[in-house]
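Remarks on the overall topology
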Amino acid sequence: MSLPQFKLLRPRTLEEALSLLAKHSDRVVAGDSPARVPLAHNVRIVAGGTDLIPSMRQKLFEPQYVLDIRHITGLKGVREQQGSGVEIGALTSLTAIEHSDLLRRRYPVLTEAAATVASPLLRNMGTMGGNICLDTRCLWYNQSLTWRKGCGFCIKKDGDLCHVAPGGTKCWAAFSGDTPPALLCLNAEIEIASTSGVRRLPLRDFYTGDGVSYRTLQPNELVTRVFLPESSADYRGVYRKLRVRGSIDYPLAGVAVVMKRSNGHVDDARLAITAVNPAPVMVKGASELLAGKIVDEALSEAVGDLAAKTAKPLTTSALTPEYRREMIRVFTKRAVLEAASN
């Protein structure tokens, strides 16, 4: 499948990128009104391109402009901020995350999650920011134009029907990034920039839980940095992922766990899941259930049951919802036991 026609823009600085984004992400409304309205699909941002390019080939996106931000060097790298944690540039490759000695030592759940993304070649291309902003996925959406036209389209693209939840008005396309659940467990924050300035917010507030408008990112905004707080450092971390093949595939269910213990008891623990909801989500109640306890089979099973109740998988992937929910339960139990093993 060929790419649609577009104009490639290649800024060299963040300021230039934001200016181009502001210029091409809005338009003047036809008629007498001078007002400007958002045009979300007029420009798309490419960093690694591992998700955008296939989607453009499928005619899911047909932007007039593609903004290539790969050459903005100031948005690359992992930097320790003395006494305040770690800063990660949004253009840092997933390979760099995977092999960072600093992250492996202090935030190991993130390096584990990054190591499971796709294949080594795709991790070389894919970026931290791209994985955070990954589009939601569904069997009815991630298909060719001909296939989608034959099915009458769907609520996420060109239609008004959700094929996995008929009669509903919400899109249940699943978020399928691997690093965000790890970042949620670490209480990560992200920086978002535009020509109007910079804002910073907890990653948990970035996702909406809707498969279409799945993130709180305006068309003229760009994710620029990720911040890992010092308070989340040195937790034991585990990430477990279900996929059809041992590499390349997106997660069909994913579980991230971080834990800190003393004298065999859990001081603090956090749990997040991915690929079974329209957003990566923290499992509410898991921290309270584990706090002060010694982890054993019964406790880990109880946490697994809680995670399974949080998971809301539908028929958005090749595996059944029932199986994916059960694997959330199984992976949670295993991850909790492993996190408590050292």
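Coordinates for the structure precede this section.
Now for a look at the structure at hand. Quick caveat, the model's predicted, so the values are computed rather than measured.

Assignment of secondary structure puts Thr 316 in the loop between helix H11 (297-310) and helix H12 (321-339). Contacts of Thr 316, omitting those with residues within four sequence positions, involve Arg 137, Cys 138, Leu 139, Val 164, Trp 172, Ala 173, Ala 174 and Arg 324.

With parallel pairing, the three strands of this open sheet are ordered in space as E1-E5-E4. Here the strands that pair on one side only, and so sit at the sheet edges, are strand E1 (7-9) and strand E4 (43-46). For this sheet, the mean inter-axis angle between neighbouring strands, taken without regard to orientation, is 25°. Relative to strand E5 (residues 65-68), E1 is paired through three bridges, and the arrangement is parallel.

Looking at the secondary structure, you find Asp 178 in the loop between helix H8 (145-150) and helix H9 (179-185). Side chain to side chain, Asp 178 and Tyr 239 meet in a polar contact 2.5 Å long.

Attention now goes to the packing of H11 against H12. To characterise two packed helices, one gives the angle between the axes of the helices and the distance between these axes. At a closest axis distance of 8 Å, the pairing of H11 and H12 adopts a crossing angle of 140°. By the angle class used here, H11 and H12 are oblique. As H11 packs across H12, the resulting crossing turns out to be right-handed. Contacts from Glu 297, Ser 300, Glu 301, Val 303, Gly 304, Asp 305, Ala 307 and Ala 308 in H11 reach Arg 325, Ile 328, Arg 329, Thr 332, Lys 333, Val 336 and Leu 337 in H12. Class assignment of the residues belonging to the contact of H11 with H12 gives a composition of six nonpolar, three polar and six charged.

The next thing to look at is the packing of aromatic side chains. Within this structure, the stated rule accounts for three aromatic pairs. Ring centres of Trp 140 and Trp 147 lie 5.6 Å apart, and the angle between their planes is 55°; on these two criteria the pair is classed as tilted. Geometrically, the ring pair formed by Phe 206 and Tyr 207 is edge-to-face, given 5.2 Å between the ring centres and 75° between the ring planes. Each member of the pair, Phe 206 as well as Tyr 207, carries the same accessibility label: buried. Members of the aromatic cluster, joined through ring pairs, are Phe 175, Phe 206 and Tyr 207.

Time to look at the nonpolar core. Membership of the largest hydrophobic core comes to 39 residues, with the highest contact counts inside it found for Ile 88, Leu 110, Ile 132, Leu 183, Phe 206, Val 226 and Leu 228. Elements represented by at least two residues in this core include exactly strand E7 (85-89), helix H4 (101-106), helix H5 (108-115), helix H7 (128-132), H9, strand E8 (189-194), strand E10 (222-228) and strand E12 (253-262). Ranked by size, the runner-up nonpolar core spans 27 residues in total, among them Val 257, Ala 269, Leu 290 and Ala 340.

Here the focus is the sheet that holds E12. Strand order in the open sheet formed by four strands is E11-E12-E13-E14, with antiparallel pairing between adjacent strands. The two strands at the open ends of the sheet, each matched to only one other strand, are strand E11 (236-242) and strand E14 (281-282). Where E12 meets strand E13 (residues 265-274), nine bridges bridge the pair, whose relative direction is antiparallel. From the neighbouring strand, Val 258 faces E13, where its bridge partner is Arg 270. This element, H5, spans E11 and E12 of the sheet and lies at about 20° to E11.

Definitions and limits used
- Residues numbered from 1 in each chain as written.
- Predicted model: local features only at pLDDT ≥ 70, side-chain atom pairs only at ≥ 80, totals over all residues.
- Heavy atoms only, no water.
- Helix = DSSP H or I, 4+ residues; strand = E, 2+ residues; numbered from the N terminus.
- Contact = heavy atoms within 4.5 Å.
- Pairing = 2+ DSSP bridges.
- Axes fitted to C-alpha atoms, helices over the stretch in contact; angles between N-to-C directions.
- Polar contact = N/O pair within 3.5 Å; in protein donor to acceptor, adjacent residues only side chain to side chain.
- Parallel < 35°, antiparallel > 145°, perpendicular 65-115°, else oblique.
- Left-handed = near helix turned anticlockwise from the far one by under 90°.
- Nonpolar A, V, L, I, M, F, W, Y, C, P; charged D, E, K, R; others polar.
- Phe/Tyr/Trp six-rings, centres within 6.5 Å; stacked < 30°, edge-to-face > 60°.
- Buried < 20%, exposed > 50% of the residue type's maximum accessible area, 1.4 Å probe, protein only.
- Core = buried A, V, L, I, M, F, W, Y, C linked by side-chain atoms within 4.5 Å.

Don't take any of this as a statement about function, it's just geometry.
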